[in-house]
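The residues making up each chain are set out below.
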Amino acid sequence: ILNVEQSPQSLHVQEGDSTNFTCSFPSSNFYALHWYRWETAKSPEALFVMTLNGDEKKKGRISATLNTKEGYSYLYIKGSQPEDSATYLCAFIFNKFYFGSGTKLNVKP
Amino acid sequence: DAGVIQSPRHEVTEMGQEVTLRCKPISGHNSLFWYRQTMMRGLELLIYFNNNVPIDDSGMPEDRFSAKMPNASFSTLKIQPSEPRDSAVYFCASSRGHPNTGELFFGEGSRLTVL
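Residues numbered from 1 in each chain as written. Chains lettered and ligands numbered in written order. Predicted model: local features only at pLDDT ≥ 70, side-chain atom pairs only at ≥ 80, totals over all residues. Heavy atoms only, no water.

Asks: Report on the overall build of chain A, specifying residues and quantitative values.
Replies: Along the backbone of chain A there are zero helices and eleven strands. Starting at the N terminus and walking to the C terminus, you meet the elements of chain A as β-β-β-β-β-β-β-β-β-β-β. The globule rule puts the C-alpha radius of gyration for 109 residues at 13 Å, and the 13 Å found for chain A is close to it. Overall, the C-alpha framework of chain A stretches about 40 × 25 × 20 Å when taken along its three principal axes. Within the span of chain A, comprising 109 residues, buried residues form 50% of the whole. Contacts in chain A between residues at least 24 apart in sequence constitute 53% of all its contacts with a sequence separation of at least 6. (Helix = DSSP H or I, 4+ residues; strand = E, 2+ residues; numbered from the N terminus. Rg over C-alpha atoms; globule rule 2.2 N^0.38 Å. Buried < 20%, exposed > 50% of the residue type's maximum accessible area, 1.4 Å probe, protein only. Contact = heavy atoms within 4.5 Å.)

Written as C-alpha cells, this is what we have:
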C-alpha cells in the first residue's frame, strides 16, 4: 500500500488570503499526479494532471507545482474566495490511483 | 455532453438485502472505476475495468461484492447480502486512454444506507 499524505487536513482562511497545501508521495516509481477539487455534496472534479518533474500548471487563481525527486506537490490558491471552499484531493498514480485524504478548505467571507 | 451517470442516487435497504448500483460511463471512455467513500478511509478503489475487462479487483472487500461490465456503456456493482458496514457513498468514474493516465470523471455517487 502506497502512502499519499496531504497537509494540512483542514484550513480556515479569510476571503482574499492566499493559501497553499501539500501532497507528499513516494519519490520512486512516479507515473503521474492528479489534483481534484471536491465540493460538498458533489463529485470530485479534476484540476490538474501532472507528469513531469518541475511541472507547473495554472488555472485561474489556482496553480500547482510538482517535485518528483523529493516526492511532493504544492497547490496554491491566490486571493481565496468563498467559492473555493472544498476538499482538495491529490492522487498519486503508480499502477493505480492512490488518493490522499484531502485538505478541506473553508474560506470565510 | 452527458457526464458519468449513476443510479440510484440514494438507496436505503435492510441488512441481508441485495443492492445493485449502476453506472453509465462517458461515451468513448474505455476505463471505468468503482470507488467507495467512507469517513474512516476516504476514497477507496474497489475495482476498475479497461475495455470492459476487470483489471484490478483487489479493493473489493469480500465475496459479497461483485462488479460487472457487460458492455462499454454499462457497469453494475452488486452487494449480496448487504450489511450495515457497507453504508457509504459509492462513486463510479470513467477515463479515456490508459487507465492510469487520464483524468477521472466522476458520477454524482450513490449513497447507500443499510439498516
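Asks: I'd love a proper account of the sheet that holds strand E7 (residues 65–71) of chain B, names of residues and values included.
Replies: All names here are of chain B. A sheet is described by the order of its strands in space; here four strands give the open sequence E1-E3-E8-E7, paired in antiparallel fashion. Looking at the sheet topology across the chains shown, the edges are occupied by strand E1 (5–7) and E7. Across the sheet, the axes of successive neighbouring strands diverge by a mean angle of 15 degrees, strand direction being ignored. Bridging between E1 and strand E3 (residues 19–24) involves three bridges; their strand directions are antiparallel. Bridging across to E3, Ile5 finds its partner in Lys24. (Pairing = 2+ DSSP bridges. Axes fitted to C-alpha atoms, helices over the stretch in contact; angles between N-to-C directions.)

Asks: Can you lay out the state of the cysteines for me, pointing to particular residues and giving the numbers?
Replies: For the structure shown, the criterion picks out two disulfides over all chains. For Cys23(A), the disulfide goes to Cys90(A), at an S-S distance of 2.0 Å. Classification of the bridge connecting Cys23(A) and Cys90(A) rests on its S-S torsion, roughly 75 degrees, and on that basis the disulfide is right-handed. Taken together, the residues Cys23(A) in strand E3 (residues 19–24) and Cys90(A) in strand E9 (residues 86–93) connect sequence positions 67 residues apart. You can call Cys23(A) buried: its relative accessible area is 0%. A relative accessible area of 0% means that Cys90(A) is categorised as buried. Put simply, Cys23(B) and Cys92(B) are joined by a disulfide, and their sulfur atoms are 1.9 Å apart. (Disulfide = S-S within 2.5 Å.)

Asks: Got a sec to walk through the sheet that holds strand E8 (residues 72–77) of chain A? Specific residues and values, please.
Replies: Through backbone hydrogen bonds, the strands of a sheet pair up, either in parallel or in antiparallel fashion. All names here are of chain A. Strands sit in the order E1-E3-E8-E7-E6 across an open sheet of five strands; the sheet is antiparallel. Whereas interior strands pair on both sides, the edge strands pair on one side only; in this sheet they are strand E1 (5–7) and strand E6 (56–59). Going across the sheet, the axis of each strand differs from the next one's by a mean of 15 degrees, ignoring polarity.

Asks: Tell me about the pattern of salt bridges, residues and numbers included.
Replies: Residue and element names in this part refer to chain B. For the structure shown, the criterion picks out twelve salt bridges over all chains. With its nearest N and O atoms 3.2 Å apart, the salt bridge here joins Arg85 to Glu62. With Arg85 in the loop between strand E8 (74–79) and strand E9 (88–95) and Glu62 in the loop between strand E6 (53–56) and E7, the pair connects residues that are 23 residues apart, well separated along the chain. For Glu62, a relative accessible area of 29% corresponds to the partly exposed category. Ionic pairing is found between Glu83 and Arg64, a salt bridge with its closest N-O pair at 3.5 Å. With Glu83 in the loop between E8 and E9 and Arg64 in the loop between E6 and E7, this pair connects stretches of sequence that are 19 residues apart. Taking relative accessible area as the criterion, Glu83 reaches 23% and is therefore assigned partly exposed. Residue Arg64 is classed as buried on the basis of its relative accessible area of 9%. (Salt bridge = Lys/Arg side-chain N within 4 Å of Asp/Glu carboxyl O.)

Asks: Account for the interface of chain B and chain A, naming residues and giving values.
Replies: Contact with chain B, which involves 18 residues of that partner, is made by 16 residues of chain A. Buried area between chain B and chain A, summed over both chains or domains, comes out near 1,400 Å², and the portion from carbon and sulfur atoms is 63%. Interface area lost by chain B to chain A is led by Leu43(B), Asn100(B) and Phe106(B), which between them contribute 36%. For the pair chain B and chain A, the number of links is one salt bridge. One salt bridge in this structure joins Asp56(B) and Lys96(A), with 3.5 Å as the shortest N-O distance. Linking chain B to chain A there are four residue pairs in polar contact (both at pLDDT 80 or more). Listing elements by their share of the side of chain B that touches chain A, those giving two or more residues are strand E4 (31–38) and strand E5 (42–50) of chain B. Residues of the side of chain B that touches chain A, tallied by class, amount to nine nonpolar, six polar and three charged. (Buried area = accessible area lost by both parts, 1.4 Å probe. Polar contact = N/O pair within 3.5 Å; in protein donor to acceptor, adjacent residues only side chain to side chain. Nonpolar A, V, L, I, M, F, W, Y, C, P; charged D, E, K, R; others polar.)

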